[in-house]
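Fold and contact review
What follows is the residue order along each chain.
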Amino acid sequence: MTNWQQRMAIKLVDASVALMPRENKEWADAMRAEIEAVEDNGEALEFALGCLWSSAKVRVLRVEFVVGVVRVGIPAGLSTLALLASYLSGRHVEAVPGTAAVFGVSSGIFAMAVALFLIKGYSALARLAGALIPIYLALLALTHLFRTPIADPEALSLYRALALEGVAMWSILLLITAFLARNSAMIAQHDRELRP
């Protein structure tokens, strides 16, 4: 066991076992036993890398992992969008006041969405998304109907793009949060069943 490949293989199997969910304890024990039985150091390292890959797949494909990523990703993404919209509002305030106002409102919507998500959870964000989608659809329709000669074509293109982006983004958030709100009870029940 003095070879660096063997030592590395053992460390990789230990990492694999740490990644493995609790209900896969027998599989983890089998990996440990197998790594000690492999005599060829190269094969041991190859086996350990395979174990690490398999453990990572099992962990990542679990619903709890996805929920954890979403719990962090949604507020982080919306906060980033709120800051970006606020920055763009400040940049456009003197040059194009209408555009600055649009970015200001967008920043407020994103900040409100973060607060709702953190305070009330998935279902509140799903309701907000469901309320915003028709508004963005109406704004998108208006940008296609509003073709007067005095309209600024660049501003109109920006508003159209922002409306289309709003429809797409809030539709995706609605689907994700509605799914997670619906399944959060099932996830909680699964966690209770796994506790010793």
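Preceding block: the structure.
Bear in mind that the values here come from a model prediction, so they are computed numbers and not experimental data.

**Structural notes on the overall build of the protein chain**
Counting secondary structure elements, the protein chain contains 7 helices and 0 strands. Start at the N end of the protein chain and walk to the C end: the helices and strands fall as α-α-α-α-α-α-α. Relative to its full complement of 196 residues, the protein chain shows a buried share of 32%. Of the roughly 12,200 Å² that the protein chain leaves accessible, carbon and sulfur atoms contribute 67%.

**Some thoughts on the nonpolar core**
By size, the foremost hydrophobic cluster in this structure holds 23 residues, and its most contacted members are I74, L78, F110, L125 and W170. Contributions of two or more residues to this core are made by α4 (63–92), α5 (97–120), α6 (122–145) and α7 (153–194). Top element by residues in this core is α6. It accounts for 7 residues. The contacts of F110, once residues within four sequence positions are left out, are L78, L81, A82, A85, M169 and W170. Counting 13 residues, the second-largest nonpolar core is a separate cluster that includes A9, V13, V38 and C51.

**What about the packing of helix α1 (residues 4–19) against helix α2 (residues 25–37)?**
Packed helix pairs are characterised by how far apart their axes lie and by the angle those axes make with each other. Relative to each other, α1 and α2 sit at 175 degrees, their axes nearing to 9 Å. Considering the angle they form, α1 stands roughly antiparallel to α2. Contacts between α1 and α2 involve Q6, A9, V13, D14, S16 and V17 from the first element and A28, M31, R32 and I35 from the second. Along the lines of polarity and charge, the residues of the contact of α1 with α2 split into 6 nonpolar, 2 polar and 2 charged.

**Structural notes on the layout of surface pockets**
Size it by volume and the largest pocket reaches roughly 540 Å³. Forming the walls of the largest pocket are 25 residues, and the residues nearest its centre are V102, S106, Y136, L162 and A163. Broken down by secondary-structure element, the contributors of at least two residues to the lining of the largest pocket are α4, α5, α6 and α7. No other element matches the 8 residues that α7 contributes to the lining of the largest pocket. Here the residues of the lining of the largest pocket are counted per class, giving 21 nonpolar, 3 polar and 1 charged.

**Some remarks on α6**
Taking 1.5 Å of rise per residue, the 24 residues of α6 would be expected to cover 34 Å, and the 35 Å separating its terminal C-alpha atoms lies within 8% of that figure. Within the sequence span of α6, burial applies to Y122, A124, L125, A126, L128, A129, L132, I133, Y136, L140 and T143.

**Focus: the environment of R59**
Tracing the sequence through the fold places R59 in helix α3 (residues 41–60). C-alpha of R59 to C-alpha of S16: the two residues are 43 residues apart in sequence and 10.0 Å apart in space. Discounting residues that sit within four places of it in the chain, R59 has contacts with A18, L19, M20, P21 and F65.

Thresholds, definitions, all that
- Residues numbered from 1 in each chain as written.
- Predicted model: local features only at pLDDT ≥ 70, side-chain atom pairs only at ≥ 80, totals over all residues.
- Heavy atoms only, no water.
- Helix = DSSP H or I, 4+ residues; strand = E, 2+ residues; numbered from the N terminus.
- Buried < 20%, exposed > 50% of the residue type's maximum accessible area, 1.4 Å probe, protein only.
- Areas by Shrake-Rupley, 256 points an atom, 1.4 Å probe, with all protein chains shown as cover.
- Core = buried A, V, L, I, M, F, W, Y, C linked by side-chain atoms within 4.5 Å.
- Contact = heavy atoms within 4.5 Å.
- Axes fitted to C-alpha atoms, helices over the stretch in contact; angles between N-to-C directions.
- Parallel < 35°, antiparallel > 145°, perpendicular 65-115°, else oblique.
- Nonpolar A, V, L, I, M, F, W, Y, C, P; charged D, E, K, R; others polar.
- 1 Å grid on protein atoms, 1.4 Å probe; cavity = no way out; pocket = protein on both sides within 12 Å on 5 of 7 lines; lining within 4 Å.
- Points joined across faces, edges and corners; volume = space filled by probe spheres on them.
- Expected span 1.5 Å × (residues − 1).

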